[in-house]
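# Results of the structural survey
Chain by chain, the residues run as shown.
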Amino acid sequence: MSESFWDWAYVWQVLPELVDASVVTVKATVSGFALALIIGLAFAIARMIGPGWLRQTTIGIVEVIRSTPLLIQLFLLYYVMPEFGLTLDAMTAGVLALGLHYGAYCSEVYRAGLEGVPKGQWEAAVALNLPPWVTMKRIILPQAIPPAVPALGNYLVALFKETPLLSVIAVLELMQTAKLLGSESFRYIEPITLVGLFFLFFSLVAAALVRALERRLGRGSGRVAR
Amino acid sequence: MNALSHPHWRLLVAALACFAAAFALASATGLARSVPELLRGIGVTATVMFGGSAVAIVVAPVAALCKLYGGSAIRWLAIGYIETFRGTSALVQLFWLFFVLPHFGITLEPLTVAIAALGLNIGAYGAEVVRGAVLAVPRGQWEAASALNMTQSQTLRRVVLPQAWVLMIPAWGNLLIELLKATSLVSLITLADLTFKAQQINQNTLQTVEVFSIVLLVYLGLSLLITLGMRQLERRASFGLARGPGT
């Protein structure tokens, strides 16, 4: 056991570096989730109104992404893309992997939202002679997305908690920085505990926000999110 | 009974197809020599998977019941556990147990750390599943039991939990797939699981696409097997309950 159990001087020494690294974590979270929202919507729409082959392919892709580890997907993107002549830097590969993985999850959320729109809305749009694309954009999505927001928020929190995985392809986010600091000084307890506290704090805040949003949306229109 | 008439046979066929495709890919790309290594990796992955689910399945109901019915101290302890493990990353928990416990003078085998960390992580999510299922059992069941003069623990044991059990199986299926995916993290604390072996073989052969595709197929097959198992369990558990499509 080392001389002191918890060294505040060391905490103050490593804190600035961890704060810098947390900016990288936040960047990865925000861009990964933005990508996930777009990819998820594309998957959900392809699955709903695409031709048969596209529908089957999308279902297959979503299932494969959802039932295999993010870590393997990360390695595939980072190590395999260069063989096809596309070299990604670690951060881009990481954001892409997060976006794809959570895009697959988000597509299920969107799908639930889309299927929650009453059939009559589609029929009315057909009766008004609206093309399918316009129906989707102007009629269906505005009704499908608000009830999906709380579930999407939960996946934002989940994605945030998966960002430490990017440390394995040497993105200098929180976890990687904490490990480097630990290996320099042979004291892991402070940096890793601080990283844990950082995640705990932000997850609790985010969870509270999602709950508040849920309550607000639930009040807004009578028929969503009981 | 004809095996193919079973409603879940497709899942089994799909899982076997994944394993067969993985094996075929390995043979076709000259990676056949690495198959025993991969199998050993699958063994470690399976060990962590079973150990972790055992921990989760024990911890989750305990935490859920403490949160629901414990005195205030016990309740806050359970809430603290659930929120801490749900609020931080599985990887952070793994590293914390791996790097920080030795400072307390506790040095555990990496395998023990892996099983404990992942089991406690999934157990925290599982606790919320159990709690939700217990609360979903209709109030009338409690009232009827109390009319029959049953104590709280008798009611839980004989009336509420047997009904809640059926409700929570689908959610547990999802959690176990999350656990399977999380087992890939143990490669980062030096355990030679499937992901670890994949990296090793990749470094030796540089056949990156092939190696990771094979491993992807194996994970897919394993999660199909989990889904199959949980569907079977759900079918068996819902016998005699007037719910769902009936069998």
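Residues and elements named next belong to chain A. Structurally, Thr177 can be placed in helix α7 (residues 174-185). Judged by relative accessible area, Thr177 falls into the buried class, the value being 8%. Every residue in contact with Thr177, bar those within four places of it in the chain, is listed here: Glu17, Leu18, Ala21 and Leu172.

Our next topic: the interface of chain A and chain B. Opposite the 36 residues of chain A that make contact, chain B presents 34 residues. Overall, the association of chain A and chain B removes approximately 3100 Å² of surface from exposure, summing both partners, and the carbon and sulfur fraction of that is 75%. The three residues of chain A that bury the most area against chain B are Pro69, Ile72 and Lys161 of chain A, which together make up 17% of that side's buried surface. Seen at the junction of chain A and chain B, the total is zero salt bridges. At the boundary of chain A with chain B, the tally comes to 11 residue pairs in polar contact (both at pLDDT 80 or more). Only α2 (52-66), α3 (70-80), α4 (90-115), α7 and α8 (189-220) of chain A provide two or more residues apiece to the side of chain A that touches chain B. With nine residues, α8 of chain A is the single largest residue contributor to the side of chain A that touches chain B. In terms of residue class, the side of chain A that touches chain B is built from 23 nonpolar, eight polar and five charged.

Summed over the entire model, instances satisfying the criterion amount to 20 aromatic pairs over all chains. With centroids separated by 4.8 Å and ring planes inclined at 50 degrees, the aromatic side chains of Phe198 of chain A and Phe202 of chain A adopt a geometry described as tilted. With Phe198 of chain A and Phe202 of chain A both in helix α8, this residue pair falls four residues apart, about one helical turn. On the basis of relative accessibility, which here comes to 37%, the residue Phe202 of chain A falls in the partly exposed class. Residues Tyr69 of chain B and Trp142 of chain B carry aromatic rings whose centres are separated by 6.0 Å and whose planes lie at 55 degrees to one another, so their mutual orientation is tilted. Taken together, the residues span a long stretch of sequence, with Tyr69 of chain B in helix α2 (residues 35-69) and Trp142 of chain B in helix α6 (residues 139-147) at a distance of 73 residues. Taking the relative accessible area as the measure of exposure, Trp142 of chain B reaches 22% and is therefore partly exposed. Ring pairing ties together the aromatic residues Phe160, Phe198, Phe199, Phe201 and Phe202 of chain A, which thus form one cluster.

What counts as what
Residues numbered from 1 in each chain as written. Chains lettered and ligands numbered in written order. Predicted model: local features only at pLDDT ≥ 70, side-chain atom pairs only at ≥ 80, totals over all residues. Heavy atoms only, no water. Helix = DSSP H or I, 4+ residues; strand = E, 2+ residues; numbered from the N terminus. Buried < 20%, exposed > 50% of the residue type's maximum accessible area, 1.4 Å probe, protein only. Contact = heavy atoms within 4.5 Å. Buried area = accessible area lost by both parts, 1.4 Å probe. Salt bridge = Lys/Arg side-chain N within 4 Å of Asp/Glu carboxyl O. Polar contact = N/O pair within 3.5 Å; in protein donor to acceptor, adjacent residues only side chain to side chain. Nonpolar A, V, L, I, M, F, W, Y, C, P; charged D, E, K, R; others polar. Phe/Tyr/Trp six-rings, centres within 6.5 Å; stacked < 30°, edge-to-face > 60°.

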